[in-house]
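# Understanding the architecture of this molecule
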Amino acid sequence: MMWHKNSNKHLTRMSTRKKVHAFVRVRPTDDFAHEMIRYGDDNKTIDIHLKKDTRRGVVNNQQTDWSFKLDGVLHDASQDLVYETVAKDVVSQALDGYNGTIMCYGQTGAGKTYTMTGTTENYRHRGILPRALQQVFRMIEERPTHAITVRVSYLEIYNESLFDLLSTLPYVGPSATPVAIVENPHGVFIKGLSVHLTSQEEDAFSLLFEGETNRIIASHTMNKNSSRSHCIFTIYVEARSRTLSDEKYITSKINLVDLAGSERLGKSGSEGQVLKEATYINKSLSFLEQAIIALGDQKRGHIPFRQCKLTHALKDSLGGNCNMVLVTNIYGEAAQLDETLSSLRFASRMKLVTTEPAVNEKYDAERMVKNLEKELVLLKQELAIHDSLIINLRQIQEVFNQFRVVLTQQEQEVEAALRRKYTLIDKNDFAAISAVQKAGLMDADGHLVGESDGQGFGLGVASYSSKPGKKTKSRRTLKEQLSSPAKKEGGSSPVSGKDMDVSTSKTQLTPLSKEGDVKDMILRDRETSNIETLPSDSPKEEPRPPRPSTPPSKPVAFEDFKNERGSEINRIFKENKSILNERRKRASETTQRINAIKREMDVTKEGLSAQRSLREKQGEYEKKGLIIIDEEEFLLILKLKDLKKQYRAEYQDLRDLRAEIQYCQHLVDQCRHRLLTEFEIWYNESFFIPEDMQAALKPGSSIRPGMVPLSRIVSLGEDDQDKFSQLQQDVLPEGPESISFYNAKVKREQKHSYLKSTLGLPKAQRK
Ligand code: ADP
Ligand code: MG
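Remember, predicted model here, so these are calculated numbers, not experimental data.

## Brief notes about the overall build of the protein chain
The number of helices and strands found in the protein chain is 20 helices and 20 strands. Look at the contacts in the protein chain between residues 6 or more apart in sequence, and 76% of them connect residues 24 or more apart. Entry remark: accessible area of the protein chain is about 43800 Å², with carbon and sulfur atoms responsible for 54%.

## Let's talk about the pattern of salt bridges
For the structure on display, the rule yields 24 salt bridges. In this structure, Glu263 and Arg228 form a salt bridge, with 2.7 Å as the shortest nitrogen-oxygen distance. Of this pair, Glu263 sits in the loop between strand E15 (248-258) and helix H6 (272-296) while Arg228 sits in the loop between helix H5 (201-221) and strand E14 (230-241), and the two are 35 residues apart along the sequence. Both residues of the pair, Glu263 and Arg228, count as buried. Note that Lys639 is salt-bridged to Glu600, the shortest N-O span being 3.2 Å. Taken as a pair, Lys639 in helix H16 (residues 631-687) and Glu600 in helix H15 (residues 567-618) lie far apart in primary sequence, 39 residues in all. Look at Glu600 and you get partly exposed, because its relative accessible area is 35%.

## A few points about the sheet that holds strand E5 (residues 45-49)
Reading across from one edge, E4-E5-E6 is the order of the three strands in this open sheet, with antiparallel pairing throughout. Each end of this open sheet is capped by a strand with a single partner; those strands are strand E4 (37-39) and strand E6 (65-69). The average undirected angle you get between the axes of adjacent strands in this sheet is 20°. Bridge analysis of E5 against E6 gives five bridges, and the strand direction is antiparallel.

## Some thoughts on the packing of H15 against H16
Running from amino to carboxyl end, H15 crosses H16 at an angle of 160°, the nearest separation of the two axes being 7 Å. Looking at the two axes, H15 sits roughly antiparallel to H16. H15 and H16 meet at a crossing whose hand is left-handed. A class-by-class count of the residues in the contact of H15 with H16 yields 24 nonpolar, nine polar and 20 charged.

## Topic: the packing of aromatic side chains
One pass over the full model with this rule turns up 14 aromatic pairs. Summarising the aromatic geometry, the rings of Tyr123 and Phe741 are spaced 5.2 Å apart at their centres and angled 70° between planes, so their arrangement reads as edge-to-face. Highlighted residues: Tyr123 in the loop between helix H3 (112-116) and helix H4 (128-142) and Phe741 in helix H20 (residues 738-759), separated in sequence by 618 residues. A single burial state applies to Tyr123 and to Phe741, both of which are buried. With 4.9 Å between their ring centres and 75° between their planes, Phe558 and Phe679 make a pair best called edge-to-face. Of this pair, Phe558 sits in helix H14 (residues 554-563) while Phe679 sits in helix H16, and the two are 121 residues apart along the sequence. The same class applies to Phe558 as to Phe679, namely buried. Here the aromatic residues Phe558, Phe561, Phe679, Trp682 and Tyr683 are joined through ring pairs into a cluster of three or more. A cation over an aromatic ring shows up here: Arg126 above the ring of Tyr123, its NZ or CZ 3.8 Å from the ring centre.

## Focus on the site of ligand 1
All residues in the neighbourhood of ligand 1 are listed as Arg25, Arg27, Pro28, Gln107, Thr108, Gly109, Ala110, Gly111, Lys112, Thr113 and Tyr114. A distance of 2.6 Å separates an oxygen atom of ligand 1 from a polar backbone atom of Gly109. Contacts to ligand 1 include Lys112, whose backbone N or O atom sits 2.8 Å from an oxygen atom. Burial of ligand 1 by the protein chains amounts to 67% of its free accessible area of 560 Å². With three residues, the single largest contributor to the shell around ligand 1 is H3. Counted by class, the shell around ligand 1 contains three nonpolar, five polar and three charged residues.

## So, H15
Compared with the 76 Å implied by 1.5 Å per residue over 52 residues, the 75 Å span of H15 between its first and last C-alpha is a close match. One or two residues past the end of H15 sits Gly619, with phi positive at roughly 70°.

## Observations regarding the nonpolar core
Ranked by size, the top nonpolar core spans 56 residues in total, and within it Ile46, Met103, Leu155, Leu288 and Leu318 carry the most contacts. When residues no more than four places from it in sequence are discounted, the contact partners of Leu288 are Met103, Leu259, Leu310, Thr311, Leu318 and Phe346. Counting residues in each nonpolar core, the second largest holds 46 residues, with Leu74, Ala77, Val90 and Phe209 among its members.

## Concerning the environment of Thr113
The residue Thr113 is located in helix H3 in this model. The spatial distance from the C-alpha of Thr113 to the C-alpha of Asn329 is 9.7 Å, given a sequence separation of 216 residues. If near-sequence neighbours (up to four positions away) are discounted, Thr113 is found in contact with Gly118, Arg215 and Asp258. Reaching out from Thr113, the side chain makes a polar contact with the side chain of Asp258 at a distance of 2.8 Å.

## Observations concerning a nonpolar patch on the surface
Taken together, the side chains of Ile629, Phe634, Leu635, Ile637 and Leu638 make up a nonpolar region of the molecular surface, amounting to roughly 410 Å² of accessible area. Its place among the elements puts Leu635 in helix H16.

## Some words on the packing of H6 against helix H8 (residues 337-352)
Between H6 and H8, the shortest axis-to-axis distance is 9 Å and the interhelical angle comes to 25°. Taken together, the axis directions place H6 and H8 in an arrangement best described as roughly parallel. Helix-helix and strand crossings are classified by hand; for H6 and H8 the assignment is left-handed. Counted together, Leu285, Leu288, Glu289, Ile292 and Ile293 of H6 and Phe346, Arg349 and Met350 of H8 form the full contact between these two elements. Each residue belonging to the contact of H6 with H8 can be placed in one class, and the counts come to six nonpolar, no polar and two charged.

## Re the side chain of Thr311
You can see Thr311 is positioned in helix H7 (residues 309-313). In this structure, Thr311 is in contact with Phe287, Leu288, Ala291, Pro304, Phe305 and Leu318, ignoring residues within four places of it in sequence.

Parameters and conventions
Residues numbered from 1 in each chain as written. Chains lettered and ligands numbered in written order. Predicted model: local features only at pLDDT ≥ 70, side-chain atom pairs only at ≥ 80, totals over all residues. Heavy atoms only, no water. Helix = DSSP H or I, 4+ residues; strand = E, 2+ residues; numbered from the N terminus. Contact = heavy atoms within 4.5 Å. Areas by Shrake-Rupley, 256 points an atom, 1.4 Å probe, with all protein chains shown as cover. Salt bridge = Lys/Arg side-chain N within 4 Å of Asp/Glu carboxyl O. Buried < 20%, exposed > 50% of the residue type's maximum accessible area, 1.4 Å probe, protein only. Pairing = 2+ DSSP bridges. Axes fitted to C-alpha atoms, helices over the stretch in contact; angles between N-to-C directions. Parallel < 35°, antiparallel > 145°, perpendicular 65-115°, else oblique. Left-handed = near helix turned anticlockwise from the far one by under 90°. Nonpolar A, V, L, I, M, F, W, Y, C, P; charged D, E, K, R; others polar. Phe/Tyr/Trp six-rings, centres within 6.5 Å; stacked < 30°, edge-to-face > 60°. Lys NZ or Arg CZ within 6 Å of the ring centre and 35° of its normal. Near = heavy atom within 4 Å. Polar contact = N/O pair within 3.5 Å; in protein donor to acceptor, adjacent residues only side chain to side chain. Expected span 1.5 Å × (residues − 1). Core = buried A, V, L, I, M, F, W, Y, C linked by side-chain atoms within 4.5 Å. Patch = residues over 30% accessible without salt bridge, like charges linked within 9 Å, V, L, I, M, F, W, Y side chains within 5 Å.

So, in structure tokens, the structure goes:
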């Protein structure tokens, strides 16, 4: 635990001294002792009246009436109200740097755990603990000017032994490092207690639930009564201003303490373990009281913190400089009045204690070290990412290697198969070559003459049209195929190209006739031409040709892609493009027409004005106010009118066309983009990511770098499913804040049922 390591601890005292706040919460009952327990109108006083015990005789000085004045009596109070009254201010001040401690004290069964933790089954009945976590995270959200970290720990003290309720698997065995309280010049801290950084509410809830579950499990496996131990849930807050100087920062702790049952021992002759437990509890509770009282006494120098684990662990969180709240839980029934009285006495004594809350302000001399530590963490993370990448690369390499092995094997097999059937002649074996040439099987260049369809002859390509059922129309000679491997019909086969590499390398293949006559065999093969045994690359049977050893160039691959996977998008692309072109053509035609109309209009206008000036020259004007025009001029006017109409119509068309063109252009661009994007993906998938790798990288496959997250292994059992849906129903009325509460709960349950089943944890037995 690094918490107290900071140097230059500095406390800024508040000017006013504060009292410990003491509240009483009464557990609801139908059998409330109205005669004996009375509340004052101020809601702060509680009066106890004991009926005089007449059996004790006439002279009886026994006190029968007590009045306790506290900070509040919580009677029939909801969890909401309890939180508002008891915890809200403490938590909010913790974010300003004040330590806070809230303790529940009281007899077993009086409601301490209910008050502190609440029920984990029902969001509405959650206690102070989850609400405090919620408030902390909400306040962090409201303070963007501060970088605030939250950590939590959960400590259990049972019979003066310390247990970490958040050590990962407490039921597997005791934790490796024993938990112990250690003091150094900077304060007290608990060595071996795990402190968990939580960045969100749900994580914090998970830890809380984890702790609660561990508390129950531990109590069963270690046969200890959970009400016999003290539990301290601590929220550590560290706030640094994002805007102000870096060296100053604030730290605080909120201790939420669920004390062991305060009932006094020896009522019914306790013995053995029960006696031991009771002794420890009585001791620690009275030491707690002593310590708090001593803290409140300003004249007191020495505070007996180290007398017991409880006070020792809480050394810097009791009285003194922190906000302290005590909730005393009592029963309302008459039968418990003795214990109730004793609890109330404790409460009123606590109320007298004054504290002096102070801000824990720290000046960070170790800031640089911390920064370096942070950097180290980041670098480690980076390294981790790097490592996982290396794992990936290694895996990819491994897959490639496997491919290479398979390929080599296949090559060898093919060669072996060929050798079984054919004689391989060494290129340098001139005698053999000339013999073959003499037999007319090889031309002067050393190329084979003949056809490709020899049985088992893995060379060349059968055109699709040469499949059985179709009459073979054109057969290419082996020579043709060898000299023009790229110009193949019926689809390309990279594998056959590969085979050709084999054949044209060191050795030349010559079919070998068992009868001795090579020529005969070829003739015979010509007649039978068993095409079916050829390695077929008919597109029907093999839509995806095997991968070539080197990827084709992108332009070549693009053509393939357009015929293959990209065919549909390419079709749409082409369609859009042709529509676009058609519209463009129409637009240009329309433009031409418009220009023609315009020219004609100009001509007509000219004609008209010529007519007009002619008319003026001839002096043919007005007759009774009317202008007399001749027929020619009239026709010209009509024509111009008509042309204008045409012009307008065409112009409208052009505008529509332009809009359409723009739209089509957009579609075409989009299609082109998609075509290219999908091509890139296809290209990489087809030629760069090995097929095995592709399969392996799909979700749910075997290769998963790094740790497999628990959530993947943990499957919801049917019970859990039921619980989950039940929970979801419960959640609905609670509003969205409850989601993280329930999420954490479900996760915890899943995790525990998983761990239980894997570890074979024996079912906890109830006594
Ligand atoms: P303690 O921790 O003090 O031993 P618990 O908190 O376990 O006591 O309470 C005992 C029982 O009483 C639990 O079942 C709890 O749910 C119930 N209980 C306690 N206080 C209340 C309350 N205020 N309202 C409803 N139920 C309560
Ligand atoms: Mg309890």
